[in-house]
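Chain residues, written in single-letter form:
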Amino acid sequence: MNHDPATLQPLLAPLFPGLMGLQLTEVSTERVVATMKVRPDLCTTGGTLHGGAVMAFADTLGAVGTFVNLPEGKGTTTVDSSTKFIGAAKVGSNVTGESTPFHRGKTTMVWQTLIKSDTGKLCAVVTQTQLVLG
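As the structure is a computational prediction, the values presented were derived from the model and not from experiment.

Draft legend 1. Expanded view of the nonpolar core. Among the nonpolar cores identified, the biggest contains 27 residues, and Leu24, Leu49, Phe57, Val95 and Ile115 are the most heavily contacted of them. For this core, the secondary-structure elements that each account for two or more residues are α1 (5-12), β1 (23-27), β2 (32-37), α3 (51-67) and β6 (122-133). A total of 7 residues in this core trace back to one element, the largest contributor, which is α3.

Below you can see the structure in the form of structure tokens.
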């Protein structure tokens, strides 16, 4: 499996993560990192990143981490996700997400994603379980 972000990014481009502007910067079996611009259309009325955008951003990173750990011919889907909102990210800023595995088994994988503002402030902690399909 190729872990080069430049190779994986085109797979996301026509999908929801591409619409959100997610940019992969590092992909390995141990860690996935991406950035995203906090645009007005991803915000709440208060000019901060919408919780749904936070969750979708994190979900994508955990899914990519699972994807690069899958055996040949297997797929994945999220079966559980828990988000703890810690702080806000303002419109016009950037957020960075870093996802690392807690568990990489034959039937499930569990990933934790830390999302931080461009000032380094923790915005959210997301833990998700990915089911291994096929």
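Draft legend 2. Expanded view of the environment of Ala6. In this structure, Ala6 sits in helix α1. Residues Ala6 and Val27, 21 residues apart in the sequence, show an inter-C-alpha distance of 9.8 Å.

Draft legend 3. Fine view of the sheet that holds β2. Taken in spatial order, the 6 strands line up as β1-β2-β4-β5-β6-β3 in an open sheet, and their pairing is antiparallel. With one partner strand each, in any of the chains shown, β1 and β3 (75-85) form the two edges of the open sheet. Strand-to-strand, the axes of this sheet are offset by a mean angle of 20°, without reference to chain direction. As paired elements, β1 and β2 share 4 bridges and run antiparallel to each other. Bridge pairing in β2 places Gln23 opposite Thr35.

Draft legend 4. Structural detail: the pairing of strand β5 (residues 108-117). Where burial is concerned, most of β5 is hidden: 7 out of the 10 residues are buried. Of the strand pairs in this sheet, strand β4 (residues 94-104) and β5 are connected by 9 bridges, and their pairing is antiparallel. Pairing of Gly97 across the sheet is with Ile115, part of β5. Where β4 folds back onto β5 in an antiparallel hairpin, the turn is made up of 3 residues. Bridge analysis of β5 against β6 gives 9 bridges, and the strand direction is antiparallel. Counterpart to Thr113 in the pairing with β6 is Val126. If you look at the hairpin formed by β5 and β6, you'll find 4 residues sitting between the two strands, and Gly120 has a positive phi there, around 90°.

Calculation criteria
- Residues numbered from 1 in each chain as written.
- Predicted model: local features only at pLDDT ≥ 70, side-chain atom pairs only at ≥ 80, totals over all residues.
- Heavy atoms only, no water.
- Core = buried A, V, L, I, M, F, W, Y, C linked by side-chain atoms within 4.5 Å.
- Buried < 20%, exposed > 50% of the residue type's maximum accessible area, 1.4 Å probe, protein only.
- Helix = DSSP H or I, 4+ residues; strand = E, 2+ residues; numbered from the N terminus.
- Pairing = 2+ DSSP bridges.
- Axes fitted to C-alpha atoms, helices over the stretch in contact; angles between N-to-C directions.

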